[in-house]
Amino acid sequence: MNIILLGAPGAGKGTIAQKMSAALKWPHISTGDILRQHLREGSELGQMAKKYMDAGQLVPDEVIIALMEDRLAKSDCDAGFILDGFPRTIAQAEALDNLLKKLEKRLDKVVSLNVPLDIIVDRMSGRISCKSCGAVYHTRNMPSLKEGICDRCGGELITRIDDQPETVKKRYQVYEEQTAPLIEYYRAKKKMIEIDGRSGGAEEVYEKVKRSIR
């Protein structure tokens, strides 16, 4: 099964996608992780994307679409995949439709995690990420075993610029303007499932998502 997770920055897409990937053995494909890898490597693509990410803006379509085509063509996506952070615009959704057709794959479900801005700002205020591998933690809800140290690779945990409150508010505004219209786009295609992600922990929201895609 091929799934898209939609939701504003901080809605919990990454956490839910990681749980689904571990349970179902489908790759979790996050444009954020891919882009951060390029940033760490100092590639031309990474430098191009950095100015947009730091300002809480969307990375240009041509960059994202090229990355996604290469990733979705890999053999580990044959049994299913979970897209997190793509598509973000109607234009990207249309490009994904064409890409999946080209790769002879189909989109099965789109799950939208609905969380208001005030809750997102509160959640993001405690979010920290590994400077080396990009793994995400939360100081209250999902801390690392050793403070300031990544469980996965031992790297330093930091607060990213795009997780700071003012940038979060900018990113949320961009989401409302450019990404939220995807809900109606996929609703018209009979693929949309909406999940209330405001209350309960990650495990409770994950159970809602699991039930919804069965």
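To keep things clear, this report deals only with the structure shown in the data block. (Residues numbered from 1 in each chain as written. Predicted model: local features only at pLDDT ≥ 70, side-chain atom pairs only at ≥ 80, totals over all residues. Heavy atoms only, no water.)

**Section: the sheet that holds strand S2 (residues 28–30)**
Think of a sheet as strands paired side by side through backbone hydrogen bonds, with each pair either parallel or antiparallel. Read across the sheet, 5 strands follow the order S2-S3-S1-S4-S8 without closing on themselves; strand pairing throughout is parallel. Strands with a single pairing partner mark the edges of an open sheet, and in this sheet they are S2 and strand S8 (192–196). Neighbour-to-neighbour, the strand axes of this sheet turn through a mean angle of 20°, independent of strand direction. Pairing between S2 and strand S3 (residues 81–84): 3 bridges, direction parallel. Opposite Ser30, over in S3, you have Asp84 as the bridge partner. Contacts from helix H9 (residues 202–213) reach strand S1 (2–6), strand S4 (109–114) and S8, with the element oriented near 155° to S8. (Pairing = 2+ DSSP bridges. Helix = DSSP H or I, 4+ residues; strand = E, 2+ residues; numbered from the N terminus. Axes fitted to C-alpha atoms, helices over the stretch in contact; angles between N-to-C directions. Contact = heavy atoms within 4.5 Å.)

**Overview of the sheet that holds strand S7 (residues 157–158)**
If you trace the 3 strands from one edge of the open sheet to the other, you get S6-S5-S7, paired in antiparallel fashion. In the strand order of this sheet, the two ends are held by strand S6 (136–138) and S7, each with one partner. Taken together, the 2 bridges between strand S5 (residues 127–130) and S7 define a ladder with antiparallel strand orientation. Its bridge partner being in S7, Cys130 is matched across the sheet by Leu157.

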